[in-house]
Amino acid sequence: MATVHLRIGDLVWGKLGRYPPWPGKVVSPPKDLKKPRGKKCHFVKFFGTEDHAWIKVEQLKPYHPHKEEMIKINKGKRFQQAVDAVEDFLKKAKGKEQNSDSKAESKGKKTRNKPLKILEEDDEDLSALKDPSEKDLTDSDPEPSTHERLGAGLGSGYKWESSPVRDDPHFHHFLLSQSEKPASSMEPISKRLKIIEEDTGSTSIQAADSTAINGSITPTDKRIGFLGLGLMGSGIVSNLLKMGHVVTVWNRTAEKCDLFTQEGARLGRTPAEVASTCDITFSCVSDPKAARDLVMGPSGVLQGIRPGKCYIEMSTVDPETITEISQVITSRGGRFLEAPVAGSQQLSNDGMLVILAAGDRTVYEDCSSCFQAMGKTSFFLGEAGNAARMMLILNMVQGSFMATIAEGLTLAHATGQSQQTFLDILSQGQMASTFVDQKCQNILQGNFKPDYYLKHIQKDLRLAISMGDTANHPTPMAAAANEVYKRAKALDQSDNDISAVYRAYIH
């Protein structure tokens with residue numbers, strides 16, 4: 001087997017266990033993150049994700065010599081996006097180098113070629129920017145790299161070693177629960193990996209980067225139950241199955257389960273049966289009443305709860321509902337976590353949701369692989385009820401924003417302005433986003449196929465306004481938006497996408 005010499009900044013293919021290789025680059029680890037004992041390994045940051053891991057040398061290949069080989073065997077959408085991210089990065093790196101060379105020549109000065117570090121704009125690891133002469137390099141530290149070495153034909157003629165990810169000391173994912181020291185010590189590697197102490201001192205907010213990259217997930221050996229296969233639940237279950245989890249499903253309309261049983265899911269006859277036969281049961285339903293009925297109704301979850309069983313409420317509901325469900329679950333010896341998700345049907349299908357969790361921290365940790373499979377990032381927000389509050393605030397902002405965009409489009413039309421030009425201008429300004437572009441294009445095309453139901457965003461606005469009343473805090477913008485959505489519902493737009501609020505202005 002050929003020996004591979006890698007340096008900080010080298011682009012590589014990193015492989016974990018039986019999962020496919022993924023493009024990344026060798027970077028310096030956080031100062032307080034100890035290197036695993038045993039075989040030599042490098043700390044790798046993966047493209048297209050926020051994942052980082054210690055990878056053994058024998059599980060790494062240089063990027064360029066093996067690029068065509070990897071592209072042939074991996075066809076996934078996320079994989080292609082990661083490869084595109086590498087190519088974009090190389091173009092930027094090459095452009096910076098050429099610009100630097102031209103400036104040096106124009107001044108007539110001869111400069112020594114310094115290593116060009118392969119760093120992304122958000123990478124704050126300043127140690128990787130140092131000249132290699134400023135520090136001693138040992139076997140435990142990758143050597144610095146130059147741009148010229150990126151295309152070198154290193155490491156040909158060897159095979160991947162297959163080793164299980166489970167219990168592999170060289171795999172170190174950036175979940176806070178796995179770090180040896182507080183997350184504040186890891187800020188140089190990721191802006192989002194942090195602990196924030198609130199001024200009130202009531203709770204800590206911890207953000208854990210936990211993106212799935214089609215292969216860096218070791219599925220938990222716990223049996224997973226999932227109740228509710230709507231727009232969001234369907235995508236979540238699909239990704240849990242894809243990542244190797246054992247899942248039992250139940251839905252009020254049983255035929256929705258057929259697709260998932262064909263994919264390998266087990267079928268539960270009632271919520272009580274699912275909760276009793278599974279270690280961890282998730283639910284994702286439409287509103288507070290549905291969430292309560294699922295737990296406390298006939299053949300409900302509560303009947304299947306035993307000491308140690310975990311129940312996770314993913315529905316977007318009010319804090320009072322969460323408190324009530326939490327109390328009845330824990331009264332039976334169960335463990336409770338709320339985990340509503342920010343996103344849409346498309347993001348659910350893509351496994352790119354943002355999970356807001358609160359409640360029993362040990363349940364949050366037990367669900368690590370599940371959250372990685374379904375989302376790009378998860379946040380732990382402290383005591384039960386906090387995630388519901390945060391989720392309602394986020395959806396209040398989103399719903400109000402969507403109503404304002406619809407109002408702008410219709411006002412543009414009413415004053416003789418081009419709606420397409422309005423959108424083009426928006427897309428070039430500070431408010432440019434995928435959300436704005438997609439929603440506006442759908443409006444102009446008359447496409448209101450639901451990605452997030454209008455009736456649900458109106459429900460969230462209503463709950464957020466009520467939460468504001470409880471806190472004696474005014475919510476006039478949300479109240480105004482709520483009235484527009486209520487009008488849209490009266491126009492039979494409930495089961496259309498939230499962008500159908502547009503129709504409230506044209507009828």
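What comes next is a walk through the structure. This structure is a prediction, so every number in the text was calculated from the model and none was measured. (Residues numbered from 1 in each chain as written. Predicted model: local features only at pLDDT ≥ 70, side-chain atom pairs only at ≥ 80, totals over all residues. Heavy atoms only, no water.)

Moving on to the packing of aromatic side chains. All chains considered together, the criterion is met by 11 aromatic pairs. For the pair Tyr364 and Phe371, a centre-to-centre distance of 5.9 Å together with 40° between the ring planes defines the contact as tilted. Across the pair, Phe371 and Tyr364 agree in class, each one buried. Each residue in the set Phe226, Phe282, Tyr364, Phe371 and Phe380 is aromatic and connected to the rest through ring pairs, giving one cluster. Positioned over the ring face of Phe380 is Arg361, at 5.0 Å from the centre of the ring. Between Lys455 and the ring centre of Tyr453, over which it is positioned, the NZ or CZ distance is 5.1 Å. (Phe/Tyr/Trp six-rings, centres within 6.5 Å; stacked < 30°, edge-to-face > 60°. Buried < 20%, exposed > 50% of the residue type's maximum accessible area, 1.4 Å probe, protein only. Lys NZ or Arg CZ within 6 Å of the ring centre and 35° of its normal.)

Looking now at helix H16 (residues 476–490). The periodicity of an α-helix, 3.6 residues per turn, causes residues three or four positions apart to be oriented the same way. Over its 15 residues, H16 extends 21 Å from the first C-alpha to the last, a length consistent with the 21 Å expected when each residue adds 1.5 Å. Within the sequence span of H16, burial applies to Ala478, Ala481, Asn482, Val484, Tyr485 and Ala488. The buried residues of H16 all sit within an arc of 165° when viewed along its axis, so they share a single face. Exposed side of H16, more than 90 degrees from the buried face: Pro476 and Ala490 are the residues found there. Looking at the buried residues of H16, the elements they touch are helix H12 (386–414) and helix H15 (454–470). Note on H16: the residue one or two positions beyond its end, Asp492, has a positive phi of about 65°. (Helix = DSSP H or I, 4+ residues; strand = E, 2+ residues; numbered from the N terminus. Expected span 1.5 Å × (residues − 1). Arc of directions from axis to C-beta. Contact = heavy atoms within 4.5 Å.)

A word on the pairing of strand S5 (residues 52–56). Counted residue by residue, S5 has 5 buried out of 5 residues, so it is predominantly covered. Neither face of S5 is exposed, since His52, Trp54 and Lys56 on one face and Ala53 and Ile55 on the opposite face are all buried.

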